[in-house]
Every structure is written in structure tokens, then in C-alpha cells.
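# Observations on chain architecture
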Amino acid sequence: MKILIIEDDLETAAYLTRAFREAGMVIDHASDGDSGFFLASENDYDVLVVDRMLPKRDGLSIISELRASGDTTPALILSALGQVDDRVTGLRAGGDDYLTKPYAFSELLARVEILGRRKGTRDTETSYQVGDLELDRLSHEVRRAGKLIALQPREYRLLEYLMKNAGQVVTRTMLLEHVWDYHFDPQTNVIDVHISRLRAKIEKDFDAPLLRTIRGAGYMMKAGD
């Protein structure tokens, strides 16, 4: 597994580099936001470990810019800011996981391994289709009845997961784990907000609904009755 650590504290970075290498991982390190963004943009990593507060460019800006460019490399945010609002802000910026300082390296390692497995086990399908809705995983384009639909990175990931499991009930827990990489209930309405936005984009001006709410169970992508 190849990891990029973006951390300006050189002592912390040296410790993490040594510990991850002892766990058998290949490590690159950047000590500021600009160099971190450059390395992340130019290289293929399995996981990004990003400190939130960095010189030149903060960690959330790095992640949000990568997501805007279509880069979906899993990113774990490290931060001393541990309130619920802080975590939600980080995750909404495109982070896949959020770990508050101080932390045990064993927990960090476990979270990184989970993120790495998620990237490594992606299926090989290059596109999904439900009714007249099409999602191209190579170009990240979504079209319905030939009309291009613009989605934010998290909306795209949500739709991709729903379409991958078309015809099956997808629970809120499944969405939290596979779209947000939450392994806890954040006690927010983040799913409801994104489902509502996604539904408005893929169903507005179209006759047939595709994204269904299964009361008491979750959601399902399905064409027809």
C-alpha cells in the first residue's frame, strides 16, 4: 500500500513514516500544503493522510480541490479540532475519515487499512445504468436521457454506490460506511441532505422516479414499478 503523508510537524511525520514502513507500507511525505497537493495530483496513492492545519494550503483545501478534479483517492484527516461540527466540515470537504489528535497509531493504522481495502476492492465495471440514467465511471459523467447532470463529488459517490446496488435496499448504515467511510453514527442529517440534493438533480424535469425511499429500511435505485 502506498501512502502520502501531508504533515508539517517533522517529528510527527518522521514517526508516522517509520511506523507505516514497519507495517510494510510505502510512504511519501510532504511538509506543506502546496507540495502535498502537487504530489497527490501527480502520483497514484492508495490513501492520503492529511493534517488539517498546514502552511501554504490547508488540508481541507487540498482534499476539496482533488475531489473537484475527479480524484477519489481515500483521504484521512488528522486534526486537533474534534468537535462534531469540525468533523462534519472535514468530511463534507471530501474527507473519507477523520481522526482527532491525540490518537493511537494502532487506530490510525486500522483506519488506513480499511480505506486502502476500499480502494483495492473496487469492482471493474466502467459504467452503470438504471433506466435512462447512465453513470460513466471513467469520465465521471452522469446523464439522464442523454442530458448531462452536474454532481458534486460526494453526490457522485452516493449515486455511484446506489447504482452499483440497483434493485437492492441500501441502508443508511451502508451509506455511512461506503460513501462517507463513517464507522459510527455522526448524529447529523448528512444523508438526508445529500439524498434530497441528488434526487432533485436526477429526477427534476423527468417523469419516472428512480431513487426510492424504502420506509424504515433505506433507499433503492430502480426503474419502473
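Let me begin by describing the structure that accompanies this report. Note that residues are indexed from 1 along each chain, following the sequence as it is written. Two thresholds apply to this predicted model, a pLDDT of at least 70 for residue-level local features and 80 or more for giving and counting side-chain atom pairs, whereas whole-chain, interface and lining totals are computed over all residues. Calculation of side-chain values draws on the structure's entire complement of heavy atoms; hydrogens and water are dropped beforehand.

## Side note on the nonpolar core
So the rule is basically this: Nine residue types can take part in a nonpolar core, namely buried Ala, Val, Leu, Ile, Met, Phe, Trp, Tyr and Cys, and a core is a set of them joined through side-chain atoms within 4.5 Å. Buried means the residue's accessible area, taken with a 1.4 Å probe over protein chains only, is under 20% of the maximum for its type, while exposed means over 50%, and partly exposed covers the values in between. A run of H or I in DSSP becomes a helix once it reaches four residues, and a run of E becomes a strand once it reaches two; helices and strands are each numbered from the N terminus.
By size, the foremost hydrophobic cluster in this structure holds 46 residues, and its most contacted members are L133, L159, L162, L175 and M221. The leading source of residues in this core is helix 6 (residues 153-164), at six residues. Among the nonpolar cores identified, the runner-up in size contains 17 residues, and I5, L16, A19 and L115 belong to it.

## Concerning the sheet that holds strand 7 (residues 133-136)
Heads up, the rule is: We treat two strands as partners when DSSP finds at least two bridges between them. For every element, the axis is a line fit to its C-alpha atoms; helices are fit only across the contacting stretch, and the angle between N-to-C directions ranges from 0 to 180 degrees. By definition, residues are in contact when any of their heavy atoms lie within 4.5 Å.
Ordered in space as 6-7-8-9, the four strands form an open sheet in which the pairing is antiparallel. The outermost strands of the open sheet, each flanked by one partner alone, are strand 6 (127-130) and strand 9 (147-149). Within this sheet the neighbouring strands show an average axis-to-axis angle of 25°, counted without direction. Here three bridges tie strand 8 (residues 141-144) to strand 9, and the two strands are oriented antiparallel to one another. Directly across from V142, in strand 9, lies its bridge partner I149. Against the sheet, helix 6 contacts strand 6, strand 7 and strand 8, and its axis sits at roughly 110° relative to strand 7.

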